[in-house]
Amino acid sequence: MNIRQGAWHIAKHELSRDWIGIVVTVVFSLYLALITIAIYNDEERIMSWLLDMVFLVTFPSLAFVMNKTTMRFWREDTYTGKLAEWRTLPIPLSHLVMGRLLQLVMVLTLVLTIFFTTQYVWVDRLNEHISIGAYILFALFWYCYALTMAVAHVYFEIGHSGKAYALFCYISVGLFVLISVVIGIAKAGIVQGLLDELEKGHWWYTAAAFAVCISTLYSGYRIIKRRLKQRHYTSKKISISS
């Protein structure tokens, strides 16, 4: 079995087990899409910082299926235990890492497609004043952003202990909330500003995001794989083959 087949088998196996979590994640994305409609309709853009915060903070997390494992990683270090169990099977490490990244792509593609389609249909400012081409570039920009950040999350998720992963999540959320507030105080807005720029034909914002995303996926695969070769899964260090 080559790496592509192995990664697909792992991703399909994990997602088929978590179908309820996928439904919950989709419902949550729909909730986010609907509650942010009012912000788009705020012509004075007083609350645009809230839209920035929703996009910056929640989009990377939408690549992760909401399930019991997600809620217990701090207390039980569930990801370390799960990896230790996987490593007792004759599965190459490269397949595990690629399979985990493939899960991100599959879940995020589904969830953000639903999110952005819902918003374009329901938000008058979008479907009446933003061309479909500019909106697709807008959605792709945020898809690339979310996937880029999700790779960093995976590095801590499976490369470190549950507490280290939780600490990374708390710090990143706090940082992005702070950024959103500062931008709001400056009476600017990332989301609204990006829409305006893309409507003017400035497609290179999305092109740059795409380039960063592809680079992150490639380097992230190599870095995560190297990290998993070195990390501890139990109280003793076990040997990992690639």
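In this report, we go over the structure that sits alongside the text. Given the structure is predicted, the values throughout are model-derived calculations rather than measurements.

Here is what the cut-offs are and how they apply
- Residues numbered from 1 in each chain as written.
- Predicted model: local features only at pLDDT ≥ 70, side-chain atom pairs only at ≥ 80, totals over all residues.
- Heavy atoms only, no water.
- Core = buried A, V, L, I, M, F, W, Y, C linked by side-chain atoms within 4.5 Å.
- Buried < 20%, exposed > 50% of the residue type's maximum accessible area, 1.4 Å probe, protein only.
- Helix = DSSP H or I, 4+ residues; strand = E, 2+ residues; numbered from the N terminus.
- Contact = heavy atoms within 4.5 Å.
- Patch = residues over 30% accessible without salt bridge, like charges linked within 9 Å, V, L, I, M, F, W, Y side chains within 5 Å.
- Areas by Shrake-Rupley, 256 points an atom, 1.4 Å probe, with all protein chains shown as cover.
- Salt bridge = Lys/Arg side-chain N within 4 Å of Asp/Glu carboxyl O.
- Expected span 1.5 Å × (residues − 1).
- Axes fitted to C-alpha atoms, helices over the stretch in contact; angles between N-to-C directions.
- Parallel < 35°, antiparallel > 145°, perpendicular 65-115°, else oblique.
- Left-handed = near helix turned anticlockwise from the far one by under 90°.
- Nonpolar A, V, L, I, M, F, W, Y, C, P; charged D, E, K, R; others polar.

## Side note on the nonpolar core
- Within the largest apolar cluster, 65 residues are counted, with the highest numbers of intra-cluster contacts made by F55, F59, F116, F138 and W142.
- With 16 residues, the top contributor of residues to this core is helix α9 (residues 132-159).
- Every residue in contact with W142, bar those within four places of it in the chain, is listed here: F55, L56, F59, L112, F116, I190, V191 and L194.

## Examining a nonpolar patch on the surface
- On the surface, a cluster of nonpolar side chains totalling about 490 Å² of accessible area is made up of W19, I20, V23, V24 and V27.
- When you line up the elements, V23 lands in helix α2 (residues 19-35).
- Residue classification places V23 among the partly exposed residues on the basis of a relative accessible area of 43%.

## As for helix α4 (residues 48-61)
- Spanning 14 residues, α4 covers 21 Å between terminal C-alpha atoms, matching the ideal 20 Å at 1.5 Å per step.
- Listing the buried residues of α4 in full gives S48, L51, D52, V54, F55, L56, T58, F59 and P60.
- Contact partners of the buried residues in α4: α2, α3 (37-40), α7 (93-122), α9, α10 (162-185) and α11 (190-199).

## As for the packing of helix α1 (residues 3-17) against α7
- Between α1 and α7, whose axes approach to 7 Å, the crossing angle comes to 55 degrees. By the criterion of interaxial angle, the relationship of α1 to α7 is oblique. In the packing of α1 onto α7, the handedness of the crossing is right-handed. Across from I3, G6, A7, W8, I10, A11, E14 and L15 in α1, the residues of α7 making contact are S94, H95, L96, M98, G99, L102, Q103, M106 and V107.

## Here we look at unusual backbone geometry
- Its identity is not glycine, yet K187 carries a phi of approximately 60 degrees, on the positive side.
- Mapped onto the elements, K187 comes out in the loop between α10 and α11.

## Regarding the packing of α4 against α10
- Running from amino to carboxyl end, α4 crosses α10 at an angle of 155 degrees, the nearest separation of the two axes being 9 Å. Relative to α10, the element α4 lies roughly antiparallel. Pair α4 / α10 crosses with right-handed handedness. Taking contact as the criterion, the partners of W49, D52, M53, L56 and V57 in α4 are, on α10, V173, F176, V177, I179, S180, V181, I183 and G184.
- Class assignment of the residues belonging to the contact of α4 with α10 gives a composition of 10 nonpolar, two polar and one charged.

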